[in-house]
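# Structural overview
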Amino acid sequence: MIQSSSKEFAVSYDSLKLDIRLFKEKLPYMEITSKEVAKGVANNLLDLFPYWYGTKWNFYGTTESPQHGTIACGYFVTTLLRDAGLNINRVKLAQQASSVIIQSVCENENIKTFSNAKNEDFFKYIKDQGESMYIVGLDFHTGFIYFDGKEIYFIQAKYYDEVAVVKEVANKSRVLLSSKFKMLGRIDNSEKAGSLF
């Protein structure tokens, strides 16, 4: 299953970002933990992703608006993290290695590295964690991994075939399967991510 086409939404992307910003303003008055906030960030990402499906990829793409202009993989990740509510410098982070992006959002215990590992071991690790959201860094690429409890998806600004932002079944992704290096940073239970909100 590949999702890449844009569609009409009941709520605009800007309205969704405004809702996230308004929630952030209420946060000091709420009694919730950083991990609960991080789970909210993951849910925000799930709400934001579909707006980007079909947005064109370009190595120099820096758009901040889905369906307008082009986006590179690092900018896709950092723009979505920012729009999901994290206080990050999207431009500075987008120009870094994916490991730097991951380490800026996730503490060490929420980071797992696979080097020359079998893909089966990578997917088994994700399934063993249960439903979860990650930033993933590969040899020369970055994106998001989402496990909904049944299927593992790779959401990326894809630089081959469709050359656009897509959501695809992870075990069918050529770039994911061929990468010898994989770093996962789990977002949905990261106190660091929660504290950046």
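Let me sum up the structure you'll find in this document. (Residues numbered from 1 in each chain as written. Predicted model: local features only at pLDDT ≥ 70, side-chain atom pairs only at ≥ 80, totals over all residues. Heavy atoms only, no water.)

### Comments concerning helix α3 (residues 73–83)
Counting buried positions along α3 yields 10 of 11 residues, so the element is predominantly enclosed. Regarding α3, the residues found buried are Cys73, Gly74, Tyr75, Phe76, Val77, Thr78, Thr79, Leu80, Leu81 and Asp83. Following α3 by one or two positions, Gly85 adopts a phi angle in the positive range, close to 120°. (Buried < 20%, exposed > 50% of the residue type's maximum accessible area, 1.4 Å probe, protein only. Helix = DSSP H or I, 4+ residues; strand = E, 2+ residues; numbered from the N terminus.)

### So, unusual backbone geometry
Comment: phi is negative for the bulk of residues other than glycine, and the bulk of peptide bonds are trans. At Asp161, a residue that is not glycine, the phi angle is positive and equals roughly 55°. Relative to the helices and strands, Asp161 is located in the loop between β7 (152–157) and β8 (165–169). For Asp161, a relative accessible area of 57% translates into the label exposed.

### Some remarks on the pattern of salt bridges
Between side chains of opposite charge, a pair can form when the charged atoms approach closely. Enumeration over the complete set of coordinates arrives at 7 salt bridges. The partner of Arg90 in a salt bridge is Glu64, with the nearest N and O atoms 3.6 Å apart. Remark: Glu64 occurs in the loop between β2 (56–57) and β3 (70–71) and Arg90 occurs in helix α4 (residues 90–94); sequence separation between them is 26 residues. Overall, Arg90 belongs to the buried group, its relative accessible area being 7%. Sharing partners across several salt bridges, the network here consists of Glu64, Arg82, Asp83 and Arg90. (Salt bridge = Lys/Arg side-chain N within 4 Å of Asp/Glu carboxyl O.)

### Focus: a nonpolar patch on the surface
Judged by side-chain polarity, Phe23, Met30 and Ile32 come together as a nonpolar surface patch covering roughly 220 Å² of accessible area. For Phe23, a relative accessible area of 33% gives the class partly exposed. (Patch = residues over 30% accessible without salt bridge, like charges linked within 9 Å, V, L, I, M, F, W, Y side chains within 5 Å. Areas by Shrake-Rupley, 256 points an atom, 1.4 Å probe, with all protein chains shown as cover.)

### Quick notes on the packing of helix α1 (residues 13–26) against helix α2 (residues 34–52)
At a minimum axis distance of 11 Å, the contact between α1 and α2 shows a crossing angle of 165°. With respect to their mutual orientation, α1 and α2 come out roughly antiparallel. Judged by the sense of rotation from one axis to the other, the crossing of α1 with α2 is left-handed. Along the contact surface, α1 presents Tyr13, Leu16 and Ile20, while α2 presents Asn44, Asp47, Leu48, Tyr51 and Trp52. (Axes fitted to C-alpha atoms, helices over the stretch in contact; angles between N-to-C directions. Parallel < 35°, antiparallel > 145°, perpendicular 65-115°, else oblique. Left-handed = near helix turned anticlockwise from the far one by under 90°. Contact = heavy atoms within 4.5 Å.)

Read these as spatial facts, not as claims about activity.
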